[in-house]
Amino acid sequence: MEFSTFLFYMFAAVMVVAGLRVITSRNPVHAALYLVLAFFNAAGIWMVLRAEFLAIALVLVYVGAVMVLFLFVVMMLDINLERIRQGFWSYLPLGLVIAAVLVVEMAVVVGGKWFGVDAMPMPAEAAGPYSNTKSLAWLMFTDFVYPFELASFILLVAMIAAISLTLRSRPGNKAIDPAKQIAVKREDRIRIVSMPADTND
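Procedures and definitions
Residues numbered from 1 in each chain as written. Predicted model: local features only at pLDDT ≥ 70, side-chain atom pairs only at ≥ 80, totals over all residues. Heavy atoms only, no water. Helix = DSSP H or I, 4+ residues; strand = E, 2+ residues; numbered from the N terminus. Buried < 20%, exposed > 50% of the residue type's maximum accessible area, 1.4 Å probe, protein only. Contact = heavy atoms within 4.5 Å. Areas by Shrake-Rupley, 256 points an atom, 1.4 Å probe, with all protein chains shown as cover. Phe/Tyr/Trp six-rings, centres within 6.5 Å; stacked < 30°, edge-to-face > 60°. Axes fitted to C-alpha atoms, helices over the stretch in contact; angles between N-to-C directions. Parallel < 35°, antiparallel > 145°, perpendicular 65-115°, else oblique. Left-handed = near helix turned anticlockwise from the far one by under 90°. UniProt positions renumbered as here; feature names shortened; annotations may be inferred. Expected span 1.5 Å × (residues − 1). Arc of directions from axis to C-beta. Bend = angle between axes of the 7 residues up to and from the residue. Core = buried A, V, L, I, M, F, W, Y, C linked by side-chain atoms within 4.5 Å.

A. Region of interest: the overall build of the protein chain. Secondary structure assignment for the protein chain yields nine helices and zero strands. Per-residue burial for the protein chain yields a buried fraction of 13% across its 201 residues. Across the protein chain, the fraction of contacts at a sequence separation of at least 24, relative to all contacts at a separation of at least 6, is 58%. With the model as given, the accessible surface of the protein chain reaches about 17400 Å², and the carbon-plus-sulfur share is 71%.

Below you can see the structure in the form of structure tokens.
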């Protein structure tokens, strides 16, 4: 057995165990941490398969952003665990049906004649040093530079719109105006009062 095959099975086994612990853990914080472990092992599998860009994107986007946000939400909100567990057995048959459909779809994609691993085209640089991150960057900033910039502009507009929708003036808000803080003078804040000395002992 090659070392890359051993790494693949090791990452896959840990990811399966972590995925099972995500859905069986009673504590939502523990479930989120197991999901982080599953994401890290999935990134390791991507690295073994020489898909460095997908591995880095998985760690940065899901582990670094989505899971951190999820952990903050879980820890800051008072979640009623008993209410979450209600209705588990009633939704179990539907969940099993959806899981079976997903397993069949993955089996068709992985083991199919047209979608199998053998049908995937290998790059010409596969025999030597090859980096799909370099190839993606080359295509992104040459042939697809205008769609990439357009997508970036759309995301920037969406971010500004989300900030504008949540930024509202509320009565009694104790927000600080930086311009007023900078314009403050010493005479406006300090007053020197002359008082007679107390000579009574």
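Now that the structure has been shown, we can carry on.
B. Region of interest: the packing of aromatic side chains. According to the stated counting rule, one finds four aromatic pairs in the structure shown. An angle of 75° between the planes, with centres 5.6 Å apart, marks the rings of Phe8 and Tyr9 as edge-to-face. Here Phe141 and Phe148 contribute two aromatic rings whose centre-to-centre distance is 5.3 Å and whose plane-to-plane angle is 70°, an arrangement assigned as edge-to-face. Of the residues examined, Phe141 reaches a relative accessible area of 51% and is grouped as exposed.

C. How the structure looks around the environment of Leu35. Within the element layout of this structure, Leu35 appears in helix 2 (residues 28-48). With 13 residues separating them in the primary sequence, Leu35 and Val22 have C-alpha atoms 6.0 Å apart. Apart from the residues lying within four places of it in its own chain, the contact partners of Leu35 are Val22 and Met67.

D. Molecular detail of the packing of helix 1 (residues 3-24) against helix 2. Between helix 1 and helix 2, the least distance of the axes is 8 Å, while the angle of their chain directions is 160°. When the axis of helix 1 is compared with that of helix 2, the two are roughly antiparallel. In this structure, helix 1 meets helix 2 at a crossing whose hand is left-handed. Together, Ser4, Leu7, Phe8, Phe11, Ala12, Val14, Met15, Ala18, Arg21 and Val22 of helix 1 and Ala31, Tyr34, Leu35, Leu37, Ala38, Asn41, Ala42, Gly44, Ile45 and Val48 of helix 2 make up the contact between the two elements.

E. Quick look at the environment of Ile45. Within the secondary structure layout, Ile45 lies in helix 2. The spacing of Ile45 and Ala12 is 33 residues in sequence and 7.3 Å in space, taken between C-alpha atoms. If we ignore the near neighbours within four places in the chain, the residues touching Ile45 are Phe8, Phe11, Ala12 and Met15.

F. Summary view of the UniProt feature "transmembrane region" (unreviewed entry) in the protein chain. As recorded in UniProt, the feature "transmembrane region" (unreviewed entry) lies at residues 6-24, 31-49, 55-77, 89-112 and 144-167. Secondary structure content for residues 31-49 is 95% helix and 0% strand, and the end C-alpha separation is 27 Å. Taken end to end, residues 144-167 comprises 92% helix and 0% strand; its first and last C-alpha atoms sit 35 Å apart.

G. Broad picture of helix 1. Compared with an ideal rise of 1.5 Å per residue, which puts 22 residues at 32 Å, helix 1 spans 32 Å between its outermost C-alpha atoms and is within 8% of the ideal. Those residues of helix 1 that fall on the buried side of the exposure criterion are Leu7, Ala12 and Ala18. Down the axis of helix 1, the buried set is contained in an arc of 135°. They therefore lie on one face. Across from the buried face of helix 1, at angles greater than 90 degrees, the exposed residues are Tyr9, Val16, Val17 and Ile23. Residues of helix 1 that are buried in the fold lie against helix 2.

H. Local environment of the side chain of Ser25. Along the polypeptide, Ser25 turns up in the loop between helix 1 and helix 2. Residues within four places of Ser25 in sequence aside, it is in contact with His30 and Ala31.

I. Here's a closer look at helix 5 (residues 88-111). Taking 1.5 Å per residue as the helical rise, helix 5 with its 24 residues ought to reach 34 Å, and the 33 Å between its terminal C-alpha atoms agrees with that figure. If you look at helix 5, its biggest bend is around 30°, right at Leu94.

J. Region of interest: the nonpolar core. Listed in full, the 12 residues of the largest apolar core are Val29, Ala32, Val36, Phe39, Ala42, Ala43, Ala55, Leu58, Val63, Met67, Leu71 and Val74. Listed by contribution, the elements that provide at least two residues to this core are helix 2 and helix 3 (52-76). Those residues within four positions of Ala42 in sequence are excluded, and the remaining contacts are Met15 and Leu58.

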